[in-house]
Amino acid sequence: MAIVTTPKKACAVNPLKMSQPIGGAFAFMGLRGAMPLLHGSQGCTSFGLTLFVRHFKEAVPLQTTAMSEVATVLGGYENVEQAILNIYNRAKPEIIGICSTGVTETNGDDVDGYIKLIREQHPQLAKCPLVFVSTPDFKDAFQDGWAKTVACMVEVLVEAPPVGVERDPARVNVLPGCHLTPGDLDELRTILEDFGLKPSFLPDLAGSLDGHIPDEFTPTTIGGIGVDEVAGMGRSSWTIAIGEQMRRAAEAIQAKAGVPFRLFERLCGLIPNDEFIAFLSDISGRPVPAKYRRQRGQLSDAMLDAHFHVGGRKLAIGAEPDLLFDLSSMLHEMGAQVTAAVTTTQSPVLERIGTNEVLIGDLEDLEELARTRNCDLLITHSHGRQAAARLKIPFYRAGFPMFDRIGAGHQLSVGYRGTRDVIFSIANLVIADREENHQPAPDSWRTSRRSLKPGRRSFVDATEGSMA
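Residues numbered from 1 in each chain as written. Predicted model: local features only at pLDDT ≥ 70, side-chain atom pairs only at ≥ 80, totals over all residues. Heavy atoms only, no water.

To describe a pair of aromatic rings, one takes the distance between the centres and the angle between the planes. Under the definition given, this model contains twelve aromatic pairs. Between Tyr77 and Tyr114, the ring centres sit 5.6 Å apart and the planes meet at 75°, which makes this aromatic pair edge-to-face. Here Tyr77 is found in helix H4 (residues 77-91), whereas its partner Tyr114 is found in helix H6 (residues 111-121), with 37 residues between them in sequence. The buried category is assigned to Tyr114, whose relative accessible area is 14%. For the pair Phe142 and Phe400, a centre-to-centre distance of 5.2 Å together with 20° between the ring planes defines the contact as stacked. With a gap of 258 residues between them, Phe142 in helix H7 (residues 142-157) and Phe400 in the loop between strand E14 (395-397) and helix H17 (415-437) connect regions that are remote in the sequence. A relative accessible area of 4% places Phe142 in the buried class. With a relative accessible area of 13%, Phe400 lands in the buried category. Joined through ring pairs, the aromatic side chains of Phe26, Phe52, Phe56, Phe142, Trp146 and Phe400 make up one cluster. Above the plane of the ring of Phe403 lies Arg54, whose end atom (NZ or CZ) is 4.0 Å from the centre. Here the basic side chain of Lys92 rests over the ring of Tyr88, its NZ or CZ set 5.9 Å away from the ring centre. (Phe/Tyr/Trp six-rings, centres within 6.5 Å; stacked < 30°, edge-to-face > 60°. Helix = DSSP H or I, 4+ residues; strand = E, 2+ residues; numbered from the N terminus. Buried < 20%, exposed > 50% of the residue type's maximum accessible area, 1.4 Å probe, protein only. Lys NZ or Arg CZ within 6 Å of the ring centre and 35° of its normal.)

So, about the packing of helix H8 (residues 182-194) against helix H13 (residues 290-310). Axis separation between H8 and H13 bottoms out at 10 Å; the angle between their running directions is 135°. What the angle tells us is that H8 and H13 run oblique. Contacts from Glu187, Thr190, Ile191 and Asp194 in H8 reach Lys291, Tyr292 and Gln295 in H13. Residue classes in the contact of H8 with H13 are distributed as two nonpolar, two polar and three charged. (Axes fitted to C-alpha atoms, helices over the stretch in contact; angles between N-to-C directions. Parallel < 35°, antiparallel > 145°, perpendicular 65-115°, else oblique. Contact = heavy atoms within 4.5 Å. Nonpolar A, V, L, I, M, F, W, Y, C, P; charged D, E, K, R; others polar.)

Mapped onto the fold, Val154 is located in helix H7. Separated by 91 residues in sequence, Val154 and Gln245 have C-alpha atoms that sit 14 Å apart. Every residue in contact with Val154, bar those within four places of it in the chain, is listed here: Leu202, Ala249, Ala252, Ile253 and Lys256.

Before going further, it helps to examine the sheet that holds strand E10 (residues 314-318). Spatially, E1-E12-E11-E10-E13-E14 is the arrangement adopted by the six strands of the open sheet, whose pairing is parallel. Taken across any chain shown, the strands that pair with only one partner, and hence form the sheet edges, are strand E1 (3-5) and E14. Each strand of the sheet is rotated relative to its neighbour by a mean of 20°, with strand direction disregarded. Bridge count for strand E11 (residues 337-343) against strand E12 (residues 357-360) is two bridges, and the pairing is parallel. (Pairing = 2+ DSSP bridges.)

Attention shifts here to the confidence of the model for the protein. In this model, the protein carries an average pLDDT of 92, and 93% of its residues clear a pLDDT of 70 or more. A low-confidence stretch, residues 447-468 (pLDDT under 50), is modelled with eleven contacts involving residues beyond four sequence positions or located in other chains. (pLDDT = per-residue confidence, 0-100.)

Right, let's get into unusual backbone geometry. The peptide bond linking Leu202 to Pro203 adopts the cis configuration, its omega dihedral lying at -5°. Take Pro203: it is sitting in the loop between strand E7 (198-201) and helix H9 (205-208). The residue after Phe400, namely Pro401, is reached through a cis peptide bond having omega 5°. Locating Pro401 in the fold gives a position in the loop between E14 and H17. Positioned with a positive phi, Asp140 is a non-glycine residue whose angle comes to about 60°. Mapped onto the elements of the fold, Asp140 is located in the loop between strand E5 (130-133) and H7.

Another aspect to go through is the domain arrangement of the protein. By the assigned domains, the protein splits into domain 1 (3-10 + 298-437), domain 2 (20-140), domain 3 (168-210 + 221-293) and domain 4 (441-468). The distance between the C-alpha centroids of domain 1 and domain 2 comes to 34 Å. On the domain 2 side, the residues contacting the eleven residues of domain 1 number eight residues. Interface of domain 1 and domain 2: buried area, both sides summed, is about 760 Å²; carbon and sulfur atoms make up 67% of it. At the surface where domain 1 touches domain 2, the tally comes to zero salt bridges. For the pair domain 1 and domain 2, the number of links is three residue pairs in polar contact (both at pLDDT 80 or more). Residue composition of the side of domain 1 that touches domain 2, by class: six nonpolar, four polar and one charged. (Domains from an automatic or database assignment. Buried area = accessible area lost by both parts, 1.4 Å probe. Salt bridge = Lys/Arg side-chain N within 4 Å of Asp/Glu carboxyl O. Polar contact = N/O pair within 3.5 Å; in protein donor to acceptor, adjacent residues only side chain to side chain.)

Let us look at the UniProt feature "domain: Nitrogenase/oxidoreductase component" (unreviewed entry) in the protein. Mapped onto this structure's residue numbering, the UniProt feature "domain: Nitrogenase/oxidoreductase component" (unreviewed entry) falls at residues 19-430. Across residues 19-430, the secondary structure splits into 47% helix and 16% strand, with the terminal C-alpha atoms separated by 32 Å. (UniProt positions renumbered as here; feature names shortened; annotations may be inferred.)

Right, let's talk about the pattern of salt bridges for a bit. Counted by the stated rule, this structure contains 21 salt bridges. The shortest N-O distance in the salt bridge between Asp194 and Lys291 comes to 3.2 Å. Of this pair, Asp194 sits in helix H8 while Lys291 sits in helix H13; the two residues are 97 residues apart in sequence, bridging distant segments of the chain. Of the residues examined, Asp194 reaches a relative accessible area of 29% and is grouped as partly exposed. Between Asp404 and Arg405 there is a salt bridge; the shortest N-O distance is 3.9 Å. Relative accessible area serves as the criterion here: at 44%, Arg405 is assigned to the partly exposed category.

Here the focus is empty space enclosed by the protein. Applying the stated criterion across every chain, the model contains one cavity of 30 Å³ or more. Forming the boundary of the largest cavity are 31 residues, of which His179, Leu323, Ala398, Gly399 and Phe400 lie nearest the centre. (1 Å grid on protein atoms, 1.4 Å probe; cavity = no way out; pocket = protein on both sides within 12 Å on 5 of 7 lines; lining within 4 Å. Points joined across faces, edges and corners; volume = space filled by probe spheres on them.)

Between its terminal C-alpha atoms H17 stretches 33 Å, which fits the 33 Å expected from 23 residues at 1.5 Å a residue. By the burial criterion, the buried members of H17 are Gly415, Tyr416, Gly418, Thr419, Arg420, Val422, Ile423, Ile426, Ala427, Val430, Asp433 and Arg434. The elements touched by buried residues of H17 are helix H12 (270-284), H13, helix H14 (321-333), strand E13 (377-380) and E14. (Expected span 1.5 Å × (residues − 1).)

Here you go:
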């Protein structure tokens, strides 16, 4: 069992975590026709917008209430009202998602009260959902903002089915954690549909941030799950939650609509995917398709091939709790040693990570631990690239943001195929680093001629001689 500790530093020197409001806005981007709105200063929004655009290389809708110093002191009702009206009149959104920030939370703005008053004074907003989530950025982290927002969507948008209405046995709700990419959601959708199931993802980033080019420009999100489909999630037969962060949202659907749920804490690895596939076979009543039996065999072979390179390696990983648990558990099963683990916020899964200590800290802490514990590989988002260069060890990019490589939205880590791809990528980094630095390799048992004593011949020499 890992011991979870918190450093006593006065500030984060090189931050690892992203803020709650950004996580909340990210979740709203998985809704069709949505406009996320940050209730705070312009700087709060521009910072988050920059991260999203650099990560996805796409136009991202994100607005602000543009709070000034005076508005912050006097209260932000007028700013919220004007922002909502401007968005409604100009962008014609299907839903407006509002996330608070540190400055407005410190002031104590009653945004729920603001929304009620705005609806009374502007009847034209009656059919436009306005969802507010409290996400102060002076506490918690990106993952918490996502989790709170998805739970709030469920509480506000999902409708309880009428008494006596039968549920659709093929319909399944999927609540993905923020550590899953649009590529991961596409893979999960394919797996579910191969079992004859009809999945509804909340949020569905694969529809809005998968990099496709729309036929016409729209100022809101260009895809994702619609508000009407979210309302009907209460008629599904099951809810599948992926990541511990989604437990609250799954419990909310169960409490509101009576839909049972199954939580999968991770889907990167052999055993977790065996459990996932078996569950889908059970609820669908269908046998496992041959393609997944073959993919399972491919993953087993990949683990066998790669463990020579990954096994025994000392890893330093910095990520949000669910991503940290996901990757570290899979690599631990491959024989790697998670020597340094740093995360951003508290989570029940942290104590079960295969290491002695998990530190809630920043990238400076991760770099120092990696240096003192002689780690061989660094895993974190793109802000860790300078640390990897200073440490002179291979660097595997994972998480958000990933702005110095393209294709971040299509990176795959779930299912048998995704796990296989992650294993190959990490093993190849280790191989490339070993070749560059001339470190010992699995084939280094071959003894060079120069190191042999006079009169002795190596296996290679003997073979060459016999062939000659």
